[in-house]
Every structure is written in structure tokens, then in C-alpha cells.
Amino acid sequence: EFIPQPAVARRVTLHSVREDIHIHAPYLVIRERLLAIAKHDEWLADHFHDYEAGDGELEFTLVLPGHSQAGRLQVDDSDQFGVRYHRDENGNGSGEIEEISWALHVETAQDAHLTVEAVYQPRKGLLGPLFEIVVLRSQRTQALRESLWNLKRLIEREYERRPIF
């Protein structure tokens, strides 16, 4: 008789950071830009290095003072009001970044609020938790904030130039 072995659950403590911004453009325009993963390097903050995208996956290294984290994530576009980049369902893949999710909140036909949340494995070691609190958390937040502002400016500039029919 075959008795399947249960999958070993990944035992990691995860942390997250979240930022949000208001964008003067329809939510579909914003969502299109989030799904255009080959063009993310146009707006990602300077903290993101070695960015590559293709076949529904993206890879990058988040470079922070004294610490770097890799991310290899798959794109999930199943939610019409959001986009999610995540490790594969089995937890395979490299990197300490587990997920980056984008939630779109429609405010008017021409405006939306965008929230981004990054879920990651915190730095380990004797001084890791202290370093997380003192340095890394604020730097991760700043990387998200800069990326959001860059994305906002890019989308609003592009949307402003679109012809109105």
C-alpha cells in the first residue's frame, strides 16, 4: 500500500512592508503597466538590480545597505483589481522575497489608489532582527516608495499624452 509523505512545510517567519499612492489614471491603465513585466526596469527604484523578466516570471536582487535579497517570482493576473508576483505554489525557487502584491482601488473613472505589499524573509543571525528594525525595514519601504512614485509619474505622463476620442 502506498502512503504518500506529507510535503514539508517551509518554516520561515515572514515580514512585510506596505506602501500606497494615488494615481490619476484609470485602473486598467495601471494594471496594464503592472503586467508589462518586461518594462518594470523603467520605473523600479535604484535598489532593484539585475532585473530580468520573461515567460511570466521576474527575477531581481533588492540591494539594501549591508544586505541583499533575491526574488524569483511568478506573475498571477487572476484578480481583475490586482496583480500578484509570488514564489511558485510549492515554495520552490530562489530568493528571500516571497511575494509582491499590488491592489488597485478604483476611486473614479480616471483615478485609482494603488497599494503594494512586499512579503519577505527577514535577515537572520544574532544581530539580524536588530538590523531589520534599525536599517533594513526603512530601506525596503523606501525602495517601494520610490518605485511607486516613479510608476505614478510614468503612468500619468503616458496617460496625459493619450488621445481622447
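Rules used throughout
- Residues numbered from 1 in each chain as written.
- Predicted model: local features only at pLDDT ≥ 70, side-chain atom pairs only at ≥ 80, totals over all residues.
- Heavy atoms only, no water.
- Helix = DSSP H or I, 4+ residues; strand = E, 2+ residues; numbered from the N terminus.
- Contact = heavy atoms within 4.5 Å.
- Areas by Shrake-Rupley, 256 points an atom, 1.4 Å probe, with all protein chains shown as cover.
- Patch = residues over 30% accessible without salt bridge, like charges linked within 9 Å, V, L, I, M, F, W, Y side chains within 5 Å.
- Salt bridge = Lys/Arg side-chain N within 4 Å of Asp/Glu carboxyl O.
- Buried < 20%, exposed > 50% of the residue type's maximum accessible area, 1.4 Å probe, protein only.
- Pairing = 2+ DSSP bridges.
- Axes fitted to C-alpha atoms, helices over the stretch in contact; angles between N-to-C directions.

Engineer: Hey, could you go over the overall build of the chain for me, with residue numbers and the actual values?
Structural biologist: In terms of helices and strands, the chain carries 2 helices and 7 strands. Put simply, the chain runs from its N terminus to its C terminus through helices and strands in the order β-α-β-β-β-β-β-β-α. Pairs at least 24 apart in sequence give 57% of the contacts found in the chain among residues at least 6 apart. Carbon and sulfur atoms make up 52% of the accessible area of the chain, which amounts to about 9900 Å² in all.

Engineer: How would you explain a nonpolar patch on the surface if you had to name every residue and give the values?
Structural biologist: On the surface, a cluster of nonpolar side chains totalling about 620 Å² of accessible area is made up of Leu126, Leu127, Leu130, Ile133 and Val134. Its place among the elements puts Val134 in helix H2 (residues 128-161). What makes Val134 exposed here is its relative accessible area of 55%.

Engineer: Describe the side chain of Ser101, listing the residues and the values that go with them.
Structural biologist: Along the chain, Ser101 turns up in strand E6 (residues 97-108). Those residues within four positions of Ser101 in sequence are excluded, and the remaining contacts are Val83, Arg84, Thr115, Val116 and Glu117.

Engineer: Got a sec to walk through the sheet that holds strand E5 (residues 82-86)? Specific residues and values, please.
Structural biologist: Taken in spatial order, the 7 strands of this open sheet run E1-E7-E6-E5-E4-E3-E2, and their pairing is antiparallel. Each end of this open sheet is capped by a strand with a single partner; those strands are strand E1 (15-23) and strand E2 (48-54). On average, adjacent strands in this sheet sit at an angle of 20° to one another, irrespective of strand direction. Here E2 runs beside strand E3 (residues 57-64); their pairing, made up of 5 bridges, is antiparallel. Counted as the bridge partner of Phe48 is Leu62 from E3. Seen against the sheet, H2 touches E1, E2, E3, strand E4 (67-76), E6 and strand E7 (111-120) and runs at an angle of roughly 25° to E1.

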